[in-house]
Structures are given as structure tokens and as C-alpha cells.
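Residue-level listing of the chains:
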Amino acid sequence: MCERRRGPISLGDTLRVEAALRPRDAATREAVEALLGAERSAPPAKLVPSAGPWKQNEPKAAPAPGAAPSAGRAKTAPADSGESVPAAAPPRLAGSAVASRHLGRTSFAPPAWLMTADSFSPLAGGNVSLPPPPIFDRLRSRAILGAALATFTAGSEVDLERATAALAAGRRLQRIPYRPVPTLGRGAQVLVDRARALDPLRLDLVQLLADLELLFGPGRLEVLSFAHCPSASDARRRGVWAESGGRRAWRAPARGMPVLVVSDFAASPAVDDDEDVATPGEWLQFARQVRADFCHPVALTPYPPSRWQPALARLLSFVHWSERTTARQVMRAVREARMRAAAGGYR
Amino acid sequence: MTDARLSELEQESPLAVRLAELASLAVRVDAGLLRRLRRDLLPEADVAVELELWFSTLVEARSENGFQMAPDVVALLRRRLASEPGRPPVSRVRAVLAEAHAQVSPAIRLEEKVNGLAVELGTAARPLIADALRPALRALTAGGPEAAQTARWVFHAVPRLHPLVLATPIARTLVLAASLLLRTRPRSIGGALEPTQSIAELGWALPPLDLLGEPESLGVELVPGGLQFCAPDGASGRIQLPPTEPRVVEIEWALEVIVETTRGWDRRRVLSEAAAGVLVALAGDPDEVTITTLSGDRYQLSRQTRGADTAATSATRYVPPSPRLLAACLQIEPLGMPTPLGVAVAVGPALLLTPTAVLREFPVVGVHDSATQLAWRPWSARESDEGHEDELARLVPIHGEIFDVALQASEWASEDDGLEGSVAGFVEDRPRWFHVVVQPRDERWSVRRGVLWHPPQLSARELRAAFVGSPFVVDDRLAGVVLSLTPPSPPAEYATIEVTSPGYLRSVRVRAGLSASSSGLDRESVDEVEGDQAARQRKLELVARLIALLAGIRNARTRRAQTASLGQRKMLLIARLVRVLNGVAEERGFQDRQVAVLKEISDRLSAFDGSTQARDA
């Protein structure tokens, strides 16, 4: 707010002027005072009809794109640099009379570089990138998958600790205890989620199956596909299928065999054009079913532990499908899961 | 600048946005590319980030093998990649992209290469982009199936190409040649034409244009300051154009140059779109130009009325007004805010005009870089404009300052014709004259549109603050006031302006109380429009202005530092008073009042003299 300053015309000046001019009416006196800039504020202009031929009636013009900036804009607009302004068509200007004459036709010479430019075959080559580098490199893949899918069997060394403990407790040794050793001999059932949620990892799945084939050898791996959840409540989504063969209900493999499930376990962001999405409840039911059939369920998922369903994580041995995962982490996770299962904690 | 989709993903997964930035140079994103970009350039991200981006809303089209992001989002992502801190060098991104796409088609690799160059190097990449595109242009002109394939690729690639790529002459040639080969309209010619490009650079690559159909006729006129294309009907000059889209011509003319008393001619050339209404600036206002079309047809246009005494057009060389008159122009700003609003022009010793739109919410404004304050004095009820909103407002100095230079108004030679003149524009706080051409009368009574040639390179807001309110001066007299300005859209070398019409300015002059003699109005017309009552009102105003001038003398003491000397200042005031008194003396039936006022003035001058002498002593 600016400071109110005394105007250059005093009240005395105004009175002297009015004395000199002798205005006949109040309107004239007000006009004089207004023109002098006297203290009395001028009333707002009343737009009343008068007989002045000042301006013709004309249609209201559309606001020009380049109209002067209003005060509001001046206050709020930043120091603009690239303010976008709609281009205005130029006005039609009055021109001089001209004479036009056709001088003939010229031909345009090609540039000198034309002869030296490389050839160009737009469609040669494919349209996809080189395949993605595997998430688990070859060495780590063997170690991690081995740790995740190994089962334990009696080895060739006597377990002296267990034997000593039994004898010290006064129990008879009915069977010689051998130290358990991990083995892949039982084989594994692999369930691969073919829903759209794993589209980005389609080539990684191919690589993973190849690694498993190498790890287990021929005949010990049962690879089945499913979409969303193998034991979904909805019949449309339920079931598994092999590479050659129709859809069928999932059946647990032999007792003690590991079951590797590769899926997003309902953790993927919604794919708007995919109506069939498994629910966490369906996955819980499936995990319980695997446990009930005395198999070892192992879950391989690209999402980090923060997105695993806690209830599901208690039933399944989760392995994070990530470059950062180590075999040691996997062994620890599998051991903990089996201990929970032995203690009945999975229920 | 941001995007709702980008903000949403940024909140959910900032790393997914970073990955999207890295992938923004790719034509199509797939798993192999995403994995390499993430592992090489975003090692802190996990595999899940690939999935988050794949299924994000940034993706416009998605298949099981890959996806494409929305073009508007891609532009934002590229900008962020090049400018945000903490991003890897674009050259590294390009290298990873080239490695991942080593086996994709040359068309995709070429598109990614030129886009990457534009993002990495900006305008410096233009020669490299041109080199990269040459093989494609060669294939396009060679004919055969590869030409058709290249044309189809160009047609589909245009929306994905970086604006800098599209702005290169060779890209324009590619786009135009491809669209002509496919018999389609080009999806975009790549923004504005590059005026310095030669038409031969475009024309050599095009297929025979005679096959496109009958050529079309277009009118062309030489206007003050340039050339304008128009409808062929009624135009004095005509050319025939092949029906390409867009129609492109090259305009060539000779510019007279004088180097150390030696006169010579410099050939100038500009590439322009040719369509009705298009206006092209031609330096030197030539009398003769040559136009070459894309088909190679050449036309010569010669001005016929240069120097003739025809009132219809302004056919004389542009000469700016006297620099002395620039003192009548003041840049105004809100009190306490050093952001100019526009310009006010002094039309009397203590009276200024400016567009109402400039003042809008400010009853009092300051003069830029000055202590002078101006008050908006609204038109009173008796001065009303029959309910119309007034384009111009009047301003008076609050502290009684008077202005040494005021512009005298003039009539237009013919109100139906156009007019060539000057407007003052403020560049770096100093006014200078700019060439303006105003169109003939159109459907709006109070406003005429015009063209401001070669405006200074300022932002839109700065341009308006520099010109809106500026006087339109012809022959050193006021012919109108600039009401609005639309900045040029490159490469146009003109801004579009609106100025008050002669009829409207006449109305303002009468209502603002400018003297009949100075405004050029004859006595009868004043009386006719004002009537007895208005004439009396006007006389009162004249006298009141005299008193205000006297008050200025008092304030002159405080402005001593701003004037050469107090004595000079006083003499100036007295000289101005005498001029105004002469105006009063011409008013009829006013002798008695005049005597009283003169006495008042005399008394005040004596008092002023006395006090000055006393203080000087």
C-alpha cells in the first residue's frame, strides 16, 4: 500500500480556481476538482448513455492472443521464457501493384554427397534386442537352484553324534544313523506361471529351465505350466499343462519331492487388460496342499521380500529371483522353512 | 514440466522412472534392452523395476515381447535424462542402446541414433544428424522397393523423431519426399521451415511433381517491409505452385549495401511456405524479387508504383521518426514492482494515454526507473462512450510533473487505406523506433491490425511490456496507440499488433481535451461533436490544466537534481503555459474567465520567482 501523499493542489488552490471560473453546477465543480487532482476522489465513471458520437457500435472482438497482460497475470506470472503463444494470422496488408513474369523452369542438381553415401536397407535385420543377460549367471544359477531344490538322504558316513547320544541315553541302536547329505536325486516338479505378469521375464524363464535341465539331468524334472495359480478356485484358471498335452488338474509329485513354483504370487501390478488374477487366498490354499502331500514347495519370484505375502512366506521357501541373491541366503531360507514345517509351524 | 503419469510412477517406484528415462531413446523397449540398461546404468535397481516399468501407465502399447511409451512422455523423459543431475551421460546410454540393438533393422538403429545425438549434443548435433540421415535419403531417391520401405519408415517415424532432428533440412527433405512418394500428407514437416535452406536442397529429392496434379494459383503482393501471399483473385501478382503439402518457395532479391562509399548488391534468399496470408520480411524493401517453386518454376515480381504519388499504398522507403519524440514514451509499472506493464504516451504536457488493458487493476502506476507516478483518471459520465468499454485510458502525473515532449495527433491520409509508420519499443529500458505497417480498414471500427517488423528477441511478456501502449507514429505525429501484440512465431520476423483506428483516436482526443489546433480538428467539427455543453466543459478543463501546470512549478523545486537548472525549468514551464494559453484564447466567449486565470498565473509566477530568488540569495 503506497503512502498517501498530499497532492500538489491544495484546497486553497481549488477555491481560487472555482472563484475564478464560477462553475454553475455541481457537476462542473466536480470536474474542475477532478482535473486539479484535488483531495475529493473522483466518483467511478458511470457508463450512461449520452449523445456523443465517440465510438460506433461494433461486435465485441474476441480477446486477442497477444492482449496486454492483465495485472493479475503480471503479479503471478513467472519471469517467462518460453510462454507458449498461439500464432496469430498476419493481417492482410495493402501492397503495391506488381508485375509477375514466368522466367522458365530450372532443375535442381543432386548434392555431391549422394554418390558417396552408404546404402540403406531399412528392413534388413530383426526387430528385437539381443537376449537379456541371465539373472542368475551360470555358476550362481547351479549353486542357488541346487540349494533351493536339494532334499536330504542318508549318506555313507556314520553320524557319530546321533549314535553317541542314543547310546548315552540308554537306547538301543536299531538302525545305524548316517549323516544326511543333500541330493537332487529325487528330481523336482517345476511349475511355471505363463500369465502376462511374467512376460518381461519370458526369455529368463527359458534360460532358467535350461539351467534346471542341466542341473537335474534328463528324466528327473517335470515341467508344467499354469496361468495365475495351479489350483485356482475358478475352473477357467485352474489346472496345469505340460509342453505337449492338454490342461489337467495339478497333482502333487512323489512324497518328499521339491516343487519349484515360478510366479509373481499375485504381487505384480495390475495388468489392466488381464482379468484373471490369482488371489493370495488361492496361493495359500495351494501351498497348504503341497505341504499336505509331504512335498517341499519352493517359490521363485522376481519381487523382493517386501512384497511377499507374509502368510504365504511361512508356507513356501521363497527365493528372490535377483542378481543379489546368494546360495548361502537360499540355503538358510530353505533350512528355516523345513524347520518350520517339521515343527508344524506352516499350518 | 511434468506429467501425471510420470508423477504417479515416481511416487510408486522412482527407479522405474529412472529406467524409463534410460529407455526413452529406444524406438521399442524389450526385455533385452531393459536388462542391459538396468544392469549397466542403474545398478541399484532390481529385476522388479523392469516389471514395474513394463506394466506402468507410461506404456502406450504393450505386447509379450516389448512395449512403446507414449510420445509425449518420451519427450519429457528425454529432457530429464539430458538435464537432471545424477543421470548417466547420454553417450553411455546410447552405447548400451547400440549394443542391445546391434541386430535390429537399420531403420530402427538410425532413428535411435539421430534421436540420441539430438538429446546428447543439442543443436551441435545437426551436422552429425545430417550425415546419419544421408543414406536414408539416398535410398529414398534411388527408387525401387527400398525407396518405398524407407518412405514408410519415415512416415511412421516422424512423430517419434526429436524436434531437433525434424528441424534439420535433410529431415525435412526426407519427410516431404516420403510423403510425396506415398501420396499422403506429411504427418509433420518438422516445425517451421529453415529460412536459410535452399530450395534446391529440398527439390532435388522429390519425385516428379507434375504427377501430383494441376498446379495451383496463388496471389502475391509486395507490401512495405516484405512480401505477402494472398488469394489469387484481385492480386496483382500471381504464381503457379505444385500441390505439395506444404507449398514451399524460395524468394530471392538483391539488397543494396554500401561499404566505404562503394555501392554494391548482396543477393538474399529465404525459404518460405507459400499460402494465402503468409507474410515474409524482405530486408531493404526490394522492388524486384524472384520466386522459385518446388517444381523449379521461376517467377519475377517487379513493383510498379515505387515513387508514384498514389495514396493507396505506402511505397516509399521506411524512415524512422525523430529520436527526440521517444521522450514522449514512458514505460509504466505497478508501484513497487519493477516489472513493466506497458507503455504510456504523452499527448499533452500533463496527459498520457495507455491501453485500459495495461492498467486494468492499477489506479496508480509508476514510470520505470523514475519517481514519477501516474494516476488513472477514468472517463467521467459526460465523457462516456455510450456504454462501450474504452480501449484507451488517460493518465495524469500525480505530483504535477509535466512532460517536455508530447506527441501531436494527426489524421490518416485516408481512413480506408493502410499506413506505414513506427512504434516505439523498449529494449533494455531504452526506447527505439520499429517499423510498422497497418492494414486497411476492416470490420472492426476502433481497432486496426498491423505488423511490427523485426521485433527484438524478448519473451512474450517482455515484448508486450515493451510495445503495448506505444504510439504509432507517422510523419512525427501520433496516428494511433498499440493495444496488443502477438509475438512472432519463428521463423516469422514480425509480430502482429493491434492499434487504435483513426476514428477511435479522434474520439479520445476530443474527450481527453486535447486542443483542436494541435489535434488538427477544425472548429466546426469540434462544436458539432461536443455541443454547447461539452464545449463549456472542455474550456473548464483547459483552465484546470493550466493550474495543474502551475503546481508543477512548485514541485520543480524538489526535482532540482533532475533538471539542468531551476531557471531552465521555469522557462520551459512558462513557454508551455504560453502555448496552452494560446489555445485558451481561441475559445469563444471565454474572455472574462481568461483574464481571471491569467491574473492567477501571473500571481503564482511572481510568488515562485520571489521564493526562488530568496532561496538562491
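Remember, it's a predicted structure, so these values are computed and weren't measured experimentally.

## Points about the overall build of chain B
For chain B, the helix and strand inventory stands at 19 helices and 23 strands. Taking the contacts inside chain B whose residues are at least 6 apart along the sequence as the reference set, 64% of them involve residues at least 24 apart.

## A look at the confidence of the model for chain A
Residue and element names in this part refer to chain A. On average, residues of chain A score 78 in pLDDT, and 73% of them are at 70 or above. Taken element by element, the predicted model of chain A shows its lowest mean pLDDT in helix α3 (residues 71-76) (34) and its highest in strand β6 (residues 258-262) (95). Every residue in residues 1-7 is under pLDDT 50, and counting partners more than four places away or in other chains gives 5 contacts. Within the model, the stretch residues 63-84 combines pLDDT values under 50 with 46 contacts to residues more than four positions away or in other chains.

## Concerning helix α7 (residues 106-121) of chain B
Along an α-helix, residues three or four apart share an orientation, since each turn contains 3.6 residues. All names here are of chain B. The end-to-end C-alpha distance of α7, which contains 16 residues, comes to 22 Å, matching closely the 22 Å that a straight helix rising 1.5 Å per residue would cover. Taking burial as the measure, the 16 residues of α7 include 13 buried ones, the bulk of the element. Two residues or fewer past α7, Gly122 is found with a positive phi of approximately 65 degrees.

## Quick notes on the pairing of strand β20 (residues 447-453) of chain B
Residue and element names in this part refer to chain B. Most of β20 is tucked away, with 7 of its 7 residues classed as buried. Along β20, one buried face is formed by Val447, Arg449, Val451 and Trp453 and the opposite face, lined by Arg448, Gly450 and Leu452, is buried too. Judged from the 3 bridges that link them, strand β19 (residues 430-438) and β20 form a sheet pairing that is antiparallel. Bridge assignment links Val437 to a residue of β20, and that residue is Val451. In terms of strand pairing, β20 meets strand β23 (residues 494-500) through 7 bridges, oriented antiparallel. Note that in β23 the partner of Trp453 across the bridge is Tyr494.

## As for the nonpolar core
Nonpolar side chains tend to gather and get buried jointly when the protein is soluble and globular. Core analysis: the biggest nonpolar cluster contains 224 residues, and Leu174, Val345 and Leu452 of chain B have the highest contact counts within it. Residues within four places of Leu452 of chain B in sequence aside, it is in contact with Val423, Phe434, Val436, Phe467, Leu485, Tyr494, Ala495 and Ile497 of chain B.

## A look at the packing of α7 of chain B against helix α8 (residues 126-142) of chain B
The description of two helices packed together rests on the angle between their axes and the distance between the axes. Residues and elements named next belong to chain B. In the contact formed by α7 and α8, the axes pass within 9 Å of each other and the chain directions differ by 165 degrees. Taken together, α7 and α8 sit at an angle that is classed as roughly antiparallel. Note that α7 runs across α8; the crossing there is left-handed. Each of Leu110, Lys113, Val114, Leu117 and Ala118 in α7 lies in contact with α8, whose residues at this interface are Leu128, Ile129, Ala132, Leu133 and Ala136. Across the contact of α7 with α8, the residue classes break down as 9 nonpolar, no polar and 1 charged.

## Structural notes on the packing of helix α3 (residues 31-41) of chain B against helix α6 (residues 90-100) of chain B
All names here are of chain B. Packing of α3 against α6 brings their axes to within 10 Å, and their N-to-C directions diverge by 145 degrees. In the crossing of α3 with α6, the sense of the turn from one axis to the other is right-handed. Between α3 and α6, the residues in contact are Gly32, Leu33, Arg36, Leu37, Asp40 and Leu41 and Arg92, Val93, Val96, Leu97, Glu99 and Ala100, respectively. When its residues are assigned to classes, the contact of α3 with α6 shows 7 nonpolar, 1 polar and 4 charged.

## Some points on unusual backbone geometry
Leave glycine aside and you will find that most residues have negative phi; peptide bonds, for their part, are mostly trans. The phi torsion at Glu428 of chain B lies on the positive side, around 50 degrees, for a residue other than glycine. Residue placement: Glu428 of chain B occurs in the loop between β18 (419-427) and β19.

## Considerations on the pairing of strand β22 (residues 477-486) of chain B
Residue and element names in this part refer to chain B. Taken across its 10 residues, β22 has 9 buried, putting it largely inside the fold. The loop that links strand β21 (residues 471-474) with its antiparallel partner β22 comprises 2 residues; one of these, Asp475, has a positive phi angle of about 55 degrees. Bridging between β22 and β23 involves 4 bridges; their strand directions are antiparallel. Bridged to Val482 within β23 is Val499.

## What about the sheet that holds strand β17 (residues 392-397) of chain B?
All names here are of chain B. As summarised here, the arrangement of the 6 strands in space is β12-β13-β14-β17-β16-β15, forming a closed barrel in which the pairing is antiparallel. Recorded for the sheet is a direction-independent mean angle of 40 degrees between the axes of neighbouring strands. Relative to strand β13 (residues 342-348), strand β12 (residues 329-334) runs antiparallel, the two being bridged by 4 bridges. Counterpart to Ile332 in the pairing with β13 is Gly342.

Here is what the cut-offs are and how they apply
- What you see as residue numbers is a count from 1 along each chain, following the sequence as written.
- Chain letters start at A and ligand numbers start at 1, both assigned in the order the entries are written.
- At least 70 in pLDDT is required for a residue's local features to be given in this predicted model, at least 80 for side-chain atom pairs to be given and counted, and no such filter applies to totals for whole chains, interfaces and linings, which use all residues.
- Numbering of helices and strands runs from the N terminus, with a helix taken as a DSSP run of H or I at least four residues long and a strand as a DSSP run of E at least two residues long.
- Note that contacts rest on C-beta atoms placed from the backbone: two residues are in contact if these are within 7 Å.
- Per-residue confidence from the prediction method is given by pLDDT, with values spanning 0 to 100.
- Given a helix with a known number of residues, its expected span is that number minus one, times 1.5 Å.
- Residues are called buried when their C-beta atom has 20 or more other C-beta atoms within 10 Å, exposed when it has 12 or fewer, and partly exposed otherwise; all C-beta atoms are positioned from the backbone.
- Pairing between strands is defined by DSSP: at least two bridges between them are needed.
- Throughout this description, the term nonpolar core refers to a group of buried Ala, Val, Leu, Ile, Met, Phe, Trp, Tyr and Cys residues whose C-beta atoms join them within 7 Å.
- Here an angle of 0 to 180 degrees is reported between the N-to-C directions of two axes, which are lines fitted to C-alpha atoms, with helices fitted over the stretch in contact.
- Our angle categories are set so that under 35 degrees counts as roughly parallel, over 145 as roughly antiparallel, 65 to 115 as roughly perpendicular, and the remainder as oblique.
- Left-handed describes a crossing whose near helix is turned anticlockwise from the far helix by less than a right angle; the clockwise case is right-handed.
- Amino acids are sorted into nonpolar (Ala, Val, Leu, Ile, Met, Phe, Trp, Tyr, Cys and Pro), charged (Asp, Glu, Lys and Arg) and polar (every other residue, Gly among them).

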